[in-house]
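Structural overview
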Amino acid sequence: MKKTIKLALFLGIVAALSGLILGFVNSLTEPIIQERAVASEKANLELMYPGADFKIIEYNDESGTVIGAYEVTGKGYIFKATATGYNSSTPIIALVGITNDGKIDNVVALQQQETNGFGSRCFEESNIKSLYIGAQSEADVDMLAGASFTSTAMKEIMAKSFEAYKKVK
Amino acid sequence: MNNFKNGFIKENPVFCLFLGMCSSLALSTSLNNALGMGICVTLVLIFSNAIISAIRKITPDEIRIPVYIVIIATLVSVVELLVHAYLPALFDALGAFLSLIVVNCIILGRAEAFAKKNPILPSIIDGLGMGLGYTFALVVMSCIREFLTTAWVSLYNPFDMSQLIFRIGIPQLSDYTISLFGTSVGAFFTFACLAALFAFINSKEKKEAKK
C-alpha cells in the first residue's frame, strides 16, 4: 500500500511538472499561433472591413455550419459559414458580417459554384443588398424565386450565424 | 564518440534497427519535410535521453514506462507548439506525424536501451547520434525519391517557403520521371534497397573484423 502511494506520488509529480512546462510554452506560443491563423484569413476579412482589427474567437458549432468566428474590434463580428446549395460537390462558403446592433451589414461569398443565372443570382451585389443586408434575424432573410436551393443554403448560413452571434455576444 | 558514430551506419535506427519506419516512409517525399522531421525528432531525442538519464536513479522501476511516456509527450508537445508558432508551413506539411513522434519507437527504444542505464552526457551524445542517424536516413530517402519523381532536389527556407535555398537536378530527365516513387510503394522500394545496402556494408565490415 505504501509503495503504491509512493509510485502514484512520483508519477503525479512528473505529470504536474510536465503540465507546468506545457502551460508555460503554450502561453508563449498561443498569441503567435492566433496571429498566424488570423493572418491566413485576413485577406478575406479585409474585404468586409478594410483596415479593421480582427480577433479570432472560439466558437464550436455542432452542426458544422459555422466554421470560423472573428471579432471586429468596435464594429461587430464576422462568421465564416458553409452550406450546400444546388451544387452538391462544391458547398457555398460565405462570410457574414453582423454589427454590434445585430444587423447583417455585409455578406461575401468566398466560394460558390451555383448554377449560372439561377443560384448565382443570390450573390449579385444588388441581390445581396435586398435579400440579406439589414436583416436582424433569420426571418428577415428573403428567398429568391427560381433559386430555392441556393437561397435555402444561404438562409441556413444566416440562421447559424445569428445563432453564433447570440452566443458569442 | 563511438555511440555517436554508431547511429549513422552500424546502428542506423531506420535501416539497421528498423525503428521509426512509419514516419520515415511517409515523410521522405521531399527534402524539406525530411529535414524538418529529422530535426524535430533529434531535438526530442536529445532532451528525452538527457532527462530520463538524469532521473534514472530516482525513477521507480515499476512505473518507468509511464514516466518516460509523460516526459516524451511533454517534449513533443513543446516542439509541436513551437513549430506551429514559428514554422507554420512545416507544421502543415508534417501534419499528424509531428504529434506521432510521441510513439516513435526510436525515442522510447533509446530511453529503454541506453538512457536508463547511462550517465547524462553519453545519453545526450547517443540521442544526438541516433537523431542524426534518423535524419540522415530520411534525407537520403527523400533525395532519392524527390529526384526520381521530379528530376530535382530542392530545399526551401522553412521560415519562408517562397525562398529557395538551393535546387539541383537534371532538367533533361524531367520527361522521364517516375511518379511511383512519390507514393508509399516507392517509399518501400527505396527503403528496401537502402536497407540492403546498409546490410551489405555492415556484413563486409564484420568479415574484415574477423580476419
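All residue numbers refer to position in the chain's written sequence, counted from 1. The lettering of chains begins at A and the numbering of ligands begins at 1, in the order of writing. Where local features are concerned, this predicted model is filtered to residues with pLDDT of at least 70; where side-chain atom pairs are given and counted, the filter is 80 or more; whole-chain, interface and lining totals use all residues.

**Topic: the sheet that holds strand 3 (residues 76-83) of chain A**
Across a sheet, paired strands are connected by hydrogen bonds in the backbone, their directions being either parallel or antiparallel. Residue and element names in this part refer to chain A. Rules: Should DSSP find at least two bridges between two strands, the strands are regarded as paired. Comment: elements are numbered from the N terminus, with helices defined as DSSP H or I runs of at least four residues and strands as E runs of at least two. Where helices are involved, their axes are fitted lines through C-alpha atoms of the stretch in contact, as for all axes, and angles between N-to-C directions lie from 0 to 180°. Remark: residues whose backbone-derived C-beta atoms lie within 7 Å of one another are considered to be in contact.
Pairing within the open sheet is antiparallel, and its five strands lie in the order 1-2-3-4-5. Edge positions in the open sheet fall to strand 1 (54-56) and strand 5 (104-111), since each of these has one partner strand only. Along the sheet, successive strands turn relative to each other by an average axial angle of 25°, direction set aside. Summarising the sheet, strand 3 and strand 4 (residues 92-99) pair through eight bridges and their orientation is antiparallel. What sits directly across from Phe79, in strand 4, is Val96. Its contacts with the sheet put helix 1 (residues 2-48) on strand 1, strand 2 (66-72), strand 3, strand 4 and strand 5, and the angle it makes with strand 1 is roughly 130°. The strands touched by helix 3 (residues 148-168) within the sheet are strand 2, strand 3, strand 4 and strand 5, with strand 3 carrying the most contacts at an inclination of about 140°.

**Topic: helix 1 of chain A**
The following threshold applies: The span expected for a helix works out to 1.5 Å for each residue beyond the first. What is called the bend at a residue is the angle between a pair of axes, fitted to the seven residues leading up to and ending at it and to the seven starting from it.
Helix length check: helix 1 of chain A, at 47 residues, gives a terminal C-alpha distance of 65 Å against a target of 69 Å (1.5 Å per residue), a fit within 8%. The largest bend in helix 1 of chain A amounts to roughly 60° and is located at Lys42(A). Structurally, helix 1 of chain A contributes buried residues whose contacts are with strand 1, strand 2, strand 3, strand 4 and strand 5 of chain A together with helix 4 (64-86) of chain B.

**Things to note about the interface of chain A and chain B**
Our working rule: Classification used: nonpolar for Ala, Val, Leu, Ile, Met, Phe, Trp, Tyr, Cys and Pro, charged for Asp, Glu, Lys and Arg, polar for all others including Gly.
At the interface, 14 residues of chain A touch 15 residues of chain B. Its residues assigned to classes, the side of chain A that touches chain B shows 10 nonpolar, three polar and one charged.

**Focus: the nonpolar core**
Operational definition: The term nonpolar core refers to a group of buried residues, namely Ala, Val, Leu, Ile, Met, Phe, Trp, Tyr and Cys, whose C-beta atoms join them within 7 Å. Exposure is read from a count of other C-beta atoms within 10 Å of each residue's own; the residue is exposed at 12 or fewer, buried at 20 or more and partly exposed in between. C-beta atoms are placed from the backbone.
Cys40(B), Val41(B), Val44(B) and Ile71(B) are the most contacted members of the largest nonpolar core, which totals 41 residues. If you list the elements that add at least two residues to this core, you get helix 2 (21-27), helix 3 (31-54), helix 4, helix 5 (88-94), helix 7 (105-115), helix 8 (120-150) and helix 9 (184-210) of chain B. Of all the elements, helix 3 of chain B adds the most residues to this core, at 10 residues. Ignoring sequence-local partners within four residues, the contact set of Cys40(B) consists of Val79(B), Val83(B), Leu98(B) and Ile101(B). Residues Val66(A), Ala69(A), Val96(A) and Met154(A) belong to the second largest nonpolar core, which totals 31 residues.

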